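# Structural characterization, general
Spelled out from the first residue to the last, the chains are:
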Amino acid sequence: MKIYDFLKSQKTGIIIGFTVTGLLIIGSLIMNFYPRSYDGLSGEDILFFFENVKPINIWFYVMFFAFLMYGIGIFFCTLDSVIRKVKSRTRKIPLYGASIVHVGFLVTLAAHLIGGISSKSGKPFTVASSWVEAGDFEIKVADFKSTTYPNGMPKKIYASMKIRRNGQEFDRVLGYNNPILLDHGTKEILLRTYGSVPESITLDIGGAKHDLRIRDSVSINGSKVYLADIYLPPKVRIPVIRLVSEGGNSKNNQVFLPIGRQNAQNVHGKDLAFTDISTSTAVAVTVKKNPSIPFTLVAIGCFGSGMLLVVFRTAYKMVRI
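Sequence order sets the numbering: in each chain, residues are counted from 1 along the sequence as written. pLDDT decides what is reported in this predicted model: residues at 70 or higher carry local features, side-chain atom pairs at 80 or more are listed and counted, and totals for whole chains, interfaces and linings draw on all residues regardless. For side-chain calculations, the full set of non-hydrogen atoms in the structure is used, while hydrogens and water are omitted.

## Quick look at the overall build of the chain
For the chain, the helix and strand inventory stands at six helices and 15 strands. For the radius of gyration, the atoms used are the C-alpha atoms, and the globule rule reads 2.2 Å times the number of residues raised to 0.38. Against the 2.2 N^0.38 benchmark of 20 Å for 321 residues, the chain shows a C-alpha radius of gyration of 30 Å, more extended than a compact globule. Over its C-alpha atoms, taken along the principal directions, the chain stretches across nearly 100 × 50 × 45 Å. We call a residue buried when its accessible area falls under 20% of the maximum for its residue type, exposed when it is over 50%, and partly exposed in between, using a 1.4 Å probe and counting protein chains only. When each of the 321 residues of the chain is scored for burial, the buried share is 30%. Going along the chain from the N terminus, every DSSP run of H or I of four or more residues is numbered as a helix, and every run of E of two or more is numbered as a strand.

Below you can see the structure in the form of structure tokens.
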């Protein structure tokens, strides 16, 4: 009984709470001053600490144990409260508000544990106006809008995305702190960054215009010439394309052509000029699988409903007074 009383004690909960807070501060300072020790750590991944057991991570192991004790304490405290209310035949639902909030704490701890053990993030990939396959779905950018602060820094990002999955196509909006959720929230599409990517270029070949994309080819006096690459600022001062003649990889079969008619070159007997380039906005995204999201939603529901009951009970008592 002494152990049970200790675990459900309010003093124990307060001590553990302050201990966890202190360890979080210590851990943040250690990671800030020794970042190399935490290379490879991302998000809420906690397996990193068990796969890289080091003395520098002692703060985490103590904190993990403290969180475990905190969860056990909340469980017994909630159980004790509910048992007492049931024994006293309490039927007023608002009196159970605090217990529901405690359940929310327990679910939150469970969600962090599940997410820390099983969440996985894929490698970043770029999505523009063409369909890109990403596992069991396809995605592309349909529209892009952004607002900026007076100093030019991005304020809000609105990337309208089209997603095609299992023969169905639907729209979603992607932005910072606004991921796209799939599979009831267990799969997230996260925005990392955005920018412009080349869509096509315009070549003037002997007075005739040709629109090409990367890896497209055009025939010049019977020889196929491929658009192999596009170099954009800041790598180069102005946009430059690399053309490769069919069947050759030597320097003699490559032509580097800067944009502008003044930079025209003779290729296979015809004057060739790189006259224009069209770009589109692209976003770099990461697909993250996190099975803890449904638990987080349940925790939010518990917190919300529990607090409403507590507020309702308080307001009711004030009115009666």
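And the narrative resumes.
## Examining the pattern of salt bridges
When a carboxyl oxygen of Asp or Glu lies within 4 Å of a side-chain nitrogen of Lys or Arg, that pair is called a salt bridge. Counted according to the given criterion, the structure contains nine salt bridges. The salt bridge involving Lys187 is made with Asp136; its shortest N-O contact spans 3.1 Å. With a gap of 51 residues between them, Lys187 in strand 8 (residues 187–205) and Asp136 in the loop between strand 3 (132–134) and strand 4 (137–148) connect regions that are remote in the sequence. Note on Asp136: relative accessible area 41%, which makes it partly exposed.

## Describing unusual backbone geometry
Positive phi is not limited to glycine here, since Asn177 has a value of about 60°. You can call Asn177 exposed: its relative accessible area is 83%. Of note in this structure, Asn221 is not a glycine but carries a positive phi near 50°. In this structure, Asn221 sits in the loop between strand 10 (217–220) and strand 11 (223–231).

## Here's the deal with the pairing of strand 12 (residues 240–245)
Most of strand 12 sits inside the fold, with six of its six residues counted as buried. Of the two faces of strand 12, the one holding Val240, Arg242 and Val244 and the one holding Ile241, Leu243 and Ser245 are both buried throughout. Pairing geometry for strand 11 and strand 12, over six bridges, is antiparallel. Paired with Val225 across the two strands is Ser245, which belongs to strand 12. Sheet analysis places strand 12 next to strand 13 (residues 254–258), joined by five bridges and oriented antiparallel. Within the sheet, the bridge partner assigned to Leu243 lies in strand 13 and is Val255. Note: two strands are recorded as paired if DSSP finds a minimum of 2 bridges between them.

## Things to note about the confidence of the model for the chain
Confidence of the predictor at the level of single residues is given by pLDDT, which spans 0 to 100. Residues of the chain with pLDDT of at least 70 account for 96%, and the chain-wide mean is 84. Averaged pLDDT values for the elements of the chain fall to 75 in helix 1 (residues 2–7) and rise to 91 in strand 6 (residues 168–174).

## Quick word on the packing of helix 4 (residues 58–87) against helix 5 (residues 97–118)
In this description, a line fitted to the C-alpha atoms serves as the axis of each element, helices being fitted only across the stretch in contact, and the angle between N-to-C directions of two axes falls anywhere from 0 to 180 degrees. Here helix 4 crosses helix 5 at 150°, and the two axes come no closer than 9 Å. Here helix 4 is positioned roughly antiparallel relative to helix 5, judged by the angle of their axes. Where helix 4 crosses over helix 5, the two elements pack in a sense that is left-handed. Contacts from Phe64, Phe67, Tyr70, Gly71, Ile74, Phe75, Cys77, Thr78, Ser81, Val82 and Lys85 in helix 4 reach Ser99, His102, Val103, Phe105, Leu106, Leu109 and Leu113 in helix 5. Basically, the charged four are Asp, Glu, Lys and Arg, the nonpolar ten are Ala, Val, Leu, Ile, Met, Phe, Trp, Tyr, Cys and Pro, and anything else, Gly included, counts as polar. In terms of residue class, the contact of helix 4 with helix 5 is made up of twelve nonpolar, five polar and one charged. Relative orientations are named as follows: roughly parallel for angles under 35 degrees, roughly antiparallel for angles over 145 degrees, roughly perpendicular for angles from 65 to 115 degrees, and oblique for any other angle. By convention, the crossing between two helices is left-handed when the near helix turns anticlockwise from the far helix through less than a right angle, and right-handed when the turn is clockwise. Contact between two residues is taken to exist if any of their heavy atoms lie within 4.5 Å; hydrogens are not considered.

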